[in-house]
Structures are given as structure tokens and as C-alpha cells.
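# An overview of the molecular structure
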Amino acid sequence: QVQLVESGGGLVQAGGSLRLSCAASGPISSIYEMAWYRQAPGKQRVLVASITSAGSTKYAGSMKGRFTISRDNAKKTVYLQMNSLTPEDTAVYYCDADIWSTSIMRRSKYWGQGTQVTVSS
């Protein structure tokens, strides 16, 4: 079955950087848009950034200029480079991807399990 596995989260001091990765695996024919979301404690999950298969990107306003989303289509992996982190960036970060699965012969959205990012002041 299709799986998304995130990695790269952890504890970092304010002003520091982290790079998140999310790798897709399983019976995949095509991966369309990929994205990163985050969910802070007690808050709703919100979009951080997205990237199309052609490389077009979109960012939430507060992340623009500090975060960079990229992808390696050959590795079926999406990345999120996060710089100038602040305590307000503390959240669980989730990746999602729009994938055509050859096992169910359908295009569906899949989510990773999330990775914790904690920024200390």
C-alpha cells in the first residue's frame, strides 16, 4: 500500500534550521501535488507550502521567505527547508501527496504520520 514517511523533525533553538523529508513508497504510478501542513497544539492543521509535479510552489504568508519546499520526483520525496525558526513554528508537520496508486487504480490523497518540530526560545 502507499505510504508517506516523514523524517527530520526535532528540537532546535530559535533562529536555527531544520530540513524535513517525506518519502512516498508503494504501488505508485504518478505523484501530483505534494504539500506540507502543520498542526500546533490546540489548533487546526494548516497548509505550510505545496509544490506541483512541475515544480510550481505556493507558501502560506508567514512562511514565505523562511521556508522552501522542493521535491525529487525520481526519489518520490518532498522536502521542507525551514530557516530562521521561531517558537511559533513549533508543531507537528505532516506531508501529504496526491497519488495515483496502481493497487486501487485511483487517484487519492495520502498523509504521512507527522514529525514533531520543537523550537526553543
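The structure we're discussing is the one just above.
In this report, we go over the structure that sits alongside the text.

### Here we look at the packing of aromatic side chains
What describes a pair of aromatic rings is the distance from one ring centre to the other and the angle between the planes of the rings. Applying the stated rule across the entire model yields one aromatic pair. The cationic tip of arginine 45 hangs over the ring face of tryptophan 111; the distance from NZ or CZ to the ring centre is 4.7 Å.

### Observations concerning the pattern of salt bridges
Considering all chains together, one arrives at four salt bridges under this definition. The salt bridge involving arginine 38 is made with aspartate 89; its shortest N-O contact spans 2.8 Å. Taken together, the residues arginine 38 in strand S4 (residues 28-39) and aspartate 89 in the loop between strand S8 (77-82) and strand S9 (91-101) connect sequence positions 51 residues apart. The exposure class of aspartate 89 is buried, given its relative accessible area of 2%. A salt bridge links aspartate 89 to arginine 66; the shortest N-O distance between them is 2.8 Å. Of this pair, aspartate 89 sits in the loop between S8 and S9 while arginine 66 sits in the loop between strand S6 (57-59) and strand S7 (67-72), and the two are 23 residues apart along the sequence. One continuous salt-bridge network, built from bridges that share partners, spans Arg38, Arg66 and Asp89.

### So, the environment of arginine 19
As for its position among the elements, arginine 19 is in strand S3 (residues 18-25). For arginine 19, a relative accessible area of 47% gives the class partly exposed. Expressed as a C-alpha distance, the spacing of arginine 19 and phenylalanine 67, which sit 48 residues apart in the sequence, is 9.4 Å. Sequence-distant contacts of arginine 19, defined by excluding residues within four places in its chain, comprise Ser7, Gly8, Tyr79, Leu80 and Gln81.

Each value, and the rule that gives it
Residues numbered from 1 in each chain as written. Predicted model: local features only at pLDDT ≥ 70, side-chain atom pairs only at ≥ 80, totals over all residues. Heavy atoms only, no water. Phe/Tyr/Trp six-rings, centres within 6.5 Å; stacked < 30°, edge-to-face > 60°. Lys NZ or Arg CZ within 6 Å of the ring centre and 35° of its normal. Salt bridge = Lys/Arg side-chain N within 4 Å of Asp/Glu carboxyl O. Helix = DSSP H or I, 4+ residues; strand = E, 2+ residues; numbered from the N terminus. Buried < 20%, exposed > 50% of the residue type's maximum accessible area, 1.4 Å probe, protein only. Contact = heavy atoms within 4.5 Å.

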